[in-house]
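# Examining the three-dimensional arrangement
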Amino acid sequence: MAGAVGRVVRRCYPNALRRLLPCLYRVYTGEFLDITLCSTVKAKSNPQDHARATEGPCNTPKPGVFDLINKAKWDAWNALGSLPKETARQNYVDLVSGLSSSSDSSSQVKPEADRKQSGYETLVVTSEDGITKIMMNRPAKKNAMTMRMYEEIMLALKAASKDDSAITVLTGNGDYYSSGNDLTNFTDIPSGGVEEKAKNSAILLRDFVDCFIDFPKPLIAVVNGPAVGISVTILGLFEVVYASDRATFHTPFSHLGQSPEGCSSYTFPKIMGPAKAAEMLIFGKKLTAAEACAQGLVTEVFPDSTFQKEVWTRLKAYSKLPPNAMRISKQMIRNREKEKLHAVNAEESSTLQERWLSDECMNAIMNFLTRKAKL
Ligand SMILES: CCCCCC/C=C/C(=O)SCCNC(=O)CCNC(=O)[C@H](O)C(C)(C)COP(=O)(O)OP(=O)(O)OC[C@H]1O[C@@H](n2cnc3c(N)ncnc32)[C@H](O)[C@@H]1OP(=O)(O)O
């Protein structure tokens, strides 16, 4: 496989790639590298430096998929790879010093005044008025979803499922809701090569979508701007989707050599009928908010100028409804579908694992990374 891809790369991108992406070039041409730079950058301010500093490279079995907290810790520890112990120790000391000074200052704040949950790097999570709001927070990158963001959304959902809020909201900071999967995710190749990368990504994708399938409380998407890829497909697993009239809905999987995920191969035909679903999922037709609403993917569209005000007023009213009644009603609507959704998720994830290794997919990603293509 690596040989075939290498031939395509050598033929199509002989100079640009050598100049722009030396790491990627070596990986795709078969000279697999341990890209320690990526691990080192990630290791900065990472609590797992503690484990790395005291115990050395990751040496314990990977926790199960539902053990989210330990799995996140394990992934972070494992990602540090061969970072020198001394560097890991120093990073850990820096992190802990930073934490203790910030906790000193937060003790000055009245407890009820600050409901913001810290510790997230890619999200802002707040809990107020019976609503937990999970906001994707990489506005300069159009809220593209990094591996870390997937992990953090899973942790935030897990926490929201147990907190005292009645409803949970996912939204984006800035002009985009989300541009979908961060395409640079594919450049951080482990020592096992692209096959291992594809396998790990498929596991993460499956875990991520499972969290939405199993989420027990009403889940609301506040789509503040354009939405692409996986940020669109998972909308079929939300109870309610409110959109600004600036939002668009785009699933360009064929353009990227990929295939649908987020259970959309099942939920979209159910929601909008097979013909409309095919236009989106096979041909990558981009829908306006009004079109998405007409097809049942979006609940209601609001003018952008009044979007936030109108939506949050509505949500605050909903959040005062009896929470147990809302959970039970959600279960009744969703539960008979759950088994099917988990099976669809497993199948979509394993199909994508193969797609990511295809020349079609690798070429599309490299075209984006070398600035030859945008959606
Ligand atoms: C565990 C793995 C699970 C994978 C699940 C499978 C998921 C599949 C998908 O989600 S498929 C969809 C993937 N997304 C894309 O292909 C979008 C790519 N981005 C674009 O085409 C454009 O950036 C845009 C149309 C979204 C916005 O264009 P524009 O308004 O001109 O802005 P910029 O392009 O200048 O973007 C600003 C800044 O953000 C970076 N960026 C935006 N989106 C992504 C992205 N998806 N991945 C990586 N980087 C992204 C862009 O490069 C710019 O960065 P810069 O300022 O140049 O450093």
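In this numbering scheme, every chain counts its residues from 1 along its sequence in written order. In keeping with the predicted nature of the model, local features appear solely for residues at pLDDT of at least 70, side-chain atom pairs appear and are counted solely at 80 or more, and the whole-chain, interface and lining totals rest on all residues.

Glancing now at the overall build of the protein. Put simply, DSSP H or I for four residues or longer makes a helix, DSSP E for two residues or longer makes a strand, and each gets a number counted from the N terminus. Along the backbone of the protein there are 16 helices and 10 strands. Looking at the protein as a whole, 38% of its 375 residues are labelled buried. Any residue pair is listed as a contact if its two C-beta atoms, each placed from the backbone, are within 7 Å. The long-range share in the protein, meaning contacts at least 24 apart out of those at least 6 apart in sequence, stands at 75%. Whether a residue is buried, exposed or partly exposed is read from the other C-beta atoms within 10 Å of its own C-beta, which are placed from the backbone; 20 or more gives buried, 12 or fewer gives exposed, and intermediate counts give partly exposed.

Quick look at the site of the ligand now. Here is the check we use: build the C-beta atom from the backbone, and if it is within 6 Å of the molecule or strand, call the residue near. Near the ligand lie 23 residues; those nearest to it are Ala144, Ser179, Gly180, Asn181 and Gly229. Among the elements that make up the shell around the ligand, the one with the highest residue count is helix α9 (residues 193–214) (three residues).

Each axis is a line fitted through C-alpha atoms, taken for helices only over the stretch in contact, and angles between the N-to-C directions span 0 to 180 degrees. Viewed as axis vectors pointing N to C, helix α11 (residues 264–272) and helix α12 (residues 274–281) meet at an angle of 135 degrees, and their least axial separation amounts to 7 Å. With respect to their mutual orientation, α11 and α12 come out oblique. Where α11 crosses over α12, the handedness of that crossing is right-handed. Across the interface between the two elements, Ser264, Ser265, Phe268, Pro269 and Met272 from α11 touch Pro274, Lys276, Ala277, Met280 and Leu281 from α12. Think of it as three bins: nonpolar holds Ala, Val, Leu, Ile, Met, Phe, Trp, Tyr, Cys and Pro, charged holds Asp, Glu, Lys and Arg, and polar takes everything else, Gly as well. Here the contact of α11 with α12 is built from residues that sort into seven nonpolar, two polar and one charged. With respect to orientation, any angle under 35 degrees is reported as roughly parallel, any angle over 145 as roughly antiparallel, any angle of 65 to 115 as roughly perpendicular, and every other angle as oblique. Throughout, a crossing is termed right-handed when the near helix is turned clockwise from the far one, and left-handed when it is turned anticlockwise from it by less than a right angle.

Phi at Lys142 is positive, roughly 55 degrees, even though this residue is not glycine. One can find Lys142 in the loop between β3 (131–136) and α8 (147–162). For Cys263, which is not a glycine, the phi torsion comes out positive at approximately 70 degrees. Take Cys263: it is sitting in the loop between β8 (248–250) and α11.

What we call a nonpolar core is a set of buried Ala, Val, Leu, Ile, Met, Phe, Trp, Tyr and Cys residues whose membership is set by joining through C-beta atoms within 7 Å. With 77 residues, the main nonpolar core has Ile220, Val223, Val241 and Ala243 as its most contacted residues. The residues contacting Val241, other than those within four sequence positions of it, are Ala221, Val223, Leu235, Leu297, Val298 and Thr299.

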